[in-house]
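Geometric and topological summary
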Amino acid sequence: MDNRLATLLTRGASLTRAEYRVLAHLTEHPLLVGNITVRELAHATFVSTATIMRLCQKLGFSGFSEFIWHCKQLLSDTPHIAAQAQSRLELPVLFNQFIANYQHTFQWVTQEKRQQFANLLRQKESFFLYGAGFSYLFAEYLTKKLQVLGKTAFISGPGDSRNIFLSNAARYQVFIAVSRSGETEQVLDKARIAKNVGMTIVAFTRASANTLAGMADVHFALYDEAVHFAAEAAGVTSFESNLVLLMDLLLLEATG
């Protein structure tokens, strides 16, 4: 909604539902102002032209032309957001450090690895995702993204029985594991099973050497400024935001 037309909505107390729908339509589509006739507006909002004329009169205008002229005057005012943009941009002290950390990560995310992921997304239809602790949240995020793309994607974590994976592993083509340390035993257990049944393994871990990375067919290493992986749950670092950024970039490249 264009805030410059929002004042019109404050006059809507005495309007019928149909009249309010017309007014809301214009505030949601300000580019229509001056470029739409009364008949076209009536058609777009499923009302009669008489309804629009009554709306104009209730708002204090003699007719549609005067109403549109008033809307144009409101839209000619500088939007409030533009005034804010003129103020000096103040960034958090750590902003540049987070950007530097992203750049560290993308030095390891080679074009070859991105292409491998893109090929999997285009050629495979069923994905099993696994994560423990905080990593489960990001595995779930990627699961939802894959489902939106029409893929069969299932998410599991330590709270699920091991038999769930054993019973379903053969149905899935790709195993995606998210583990910051790459050493979480529950994740390694599922990765071993996935490898034994012939699933392609994709892993997201921190950049330091770890067991899961060695098992993966496609490994995405992320820069992690934490000194030791045991501290992952205690402090806030750029690792998680880095991870989401990487996932979205991979999906965008694969579907673009």
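Note that the coordinates shown come from a computational prediction; the quantities given were computed from them, not determined experimentally.

Another aspect to go through is the overall build of the protein. Of the regular secondary structure elements, the protein holds 13 helices and five strands. Across the 256 residues in the protein, those meeting the buried criterion constitute 42%. When the accessible surface of the protein is totalled, it reaches about 14000 Å², and 55% of it is carbon and sulfur.

Looking only at helix α7 (residues 95–108), the buried set comprises N101, Y102 and T105. Along the axis of α7, the buried residues cluster in a sector spanning 105 degrees; they form a single face. Turned more than 90 degrees from where α7 packs its buried face, N96, Q103 and Q107 sit exposed.

For the rest of this paragraph, the subject is the pattern of salt bridges. Under the counting rule described, the total for this entry stands at 11 salt bridges. Between K58 and E19 there is a salt bridge whose closest N-O contact spans 2.9 Å. Taken together, the positions of K58 in helix α4 (residues 49–58) and E19 in helix α2 (residues 17–28) put the pair 39 residues apart, joining distant regions of the chain. Classification of E19 by relative accessible area gives buried; the value is 2%. Across the salt bridge formed by D189 and K190, the nearest N and O atoms sit 3.7 Å from each other.

Attention now moves to the sheet that holds strand β1 (residues 126–131). The five strands lie next to each other as β2-β1-β3-β4-β5, forming an open sheet whose pairing is parallel. With one partner strand each, in any of the chains shown, β2 (152–156) and β5 (218–222) form the two edges of the open sheet. Averaged over all adjacent pairs, the angle separating strand axes in this sheet is 15 degrees, with direction ignored. Inspection of the sheet shows β1 paired to β2 by five bridges, in the parallel sense. Paired with S126 across the two strands is T152, which belongs to β2.

In this section: helix α3 (residues 38–45). All of the buried residues along α3 are L41, A42 and T45. The arc enclosing the buried residues of α3, seen along the axis, measures out at 100 degrees, which places them on a common side. Relative to its buried face, α3 has exposed residues pointing more than 90 degrees away, namely R39 and H43. Lining the buried residues of α3 we find α2, α4 and α5 (64–76).

Right, let's talk about unusual backbone geometry for a bit. Positive phi values are uncommon outside glycine, yet F46 reaches one of about 60 degrees. By the secondary structure assignment, F46 is in the loop between α3 and α4.

Here we take up the packing of aromatic side chains. Scanning the model with the defined rule gives 10 aromatic pairs in all. Between F154 and Y172, the ring centres sit 6.4 Å apart and the planes meet at 35 degrees, which makes this aromatic pair tilted. With F154 in strand β2 and Y172 in the loop between α10 (162–168) and β3 (174–178), the pair connects residues that are 18 residues apart, well separated along the chain. Taken together, the ring pairs connect F128, F154, F165, Y172 and F175 into an aromatic cluster.

So, on to the packing of helix α9 (residues 134–148) against helix α13 (residues 239–255). Packing of α9 against α13 leaves a shortest axis separation of 11 Å and a crossing angle of 20 degrees. With respect to their mutual orientation, α9 and α13 come out roughly parallel. You can see that α9 and α13 cross each other, and the crossing is right-handed. Here α9 contributes F138, Y141, L142, K145 and L146 to the contact with α13, which in turn contributes E240, L243, V244, M247, D248 and L251.

What counts and what doesn't
- Residues numbered from 1 in each chain as written.
- Predicted model: local features only at pLDDT ≥ 70, side-chain atom pairs only at ≥ 80, totals over all residues.
- Heavy atoms only, no water.
- Helix = DSSP H or I, 4+ residues; strand = E, 2+ residues; numbered from the N terminus.
- Buried < 20%, exposed > 50% of the residue type's maximum accessible area, 1.4 Å probe, protein only.
- Areas by Shrake-Rupley, 256 points an atom, 1.4 Å probe, with all protein chains shown as cover.
- Arc of directions from axis to C-beta.
- Salt bridge = Lys/Arg side-chain N within 4 Å of Asp/Glu carboxyl O.
- Pairing = 2+ DSSP bridges.
- Axes fitted to C-alpha atoms, helices over the stretch in contact; angles between N-to-C directions.
- Contact = heavy atoms within 4.5 Å.
- Phe/Tyr/Trp six-rings, centres within 6.5 Å; stacked < 30°, edge-to-face > 60°.
- Parallel < 35°, antiparallel > 145°, perpendicular 65-115°, else oblique.
- Left-handed = near helix turned anticlockwise from the far one by under 90°.

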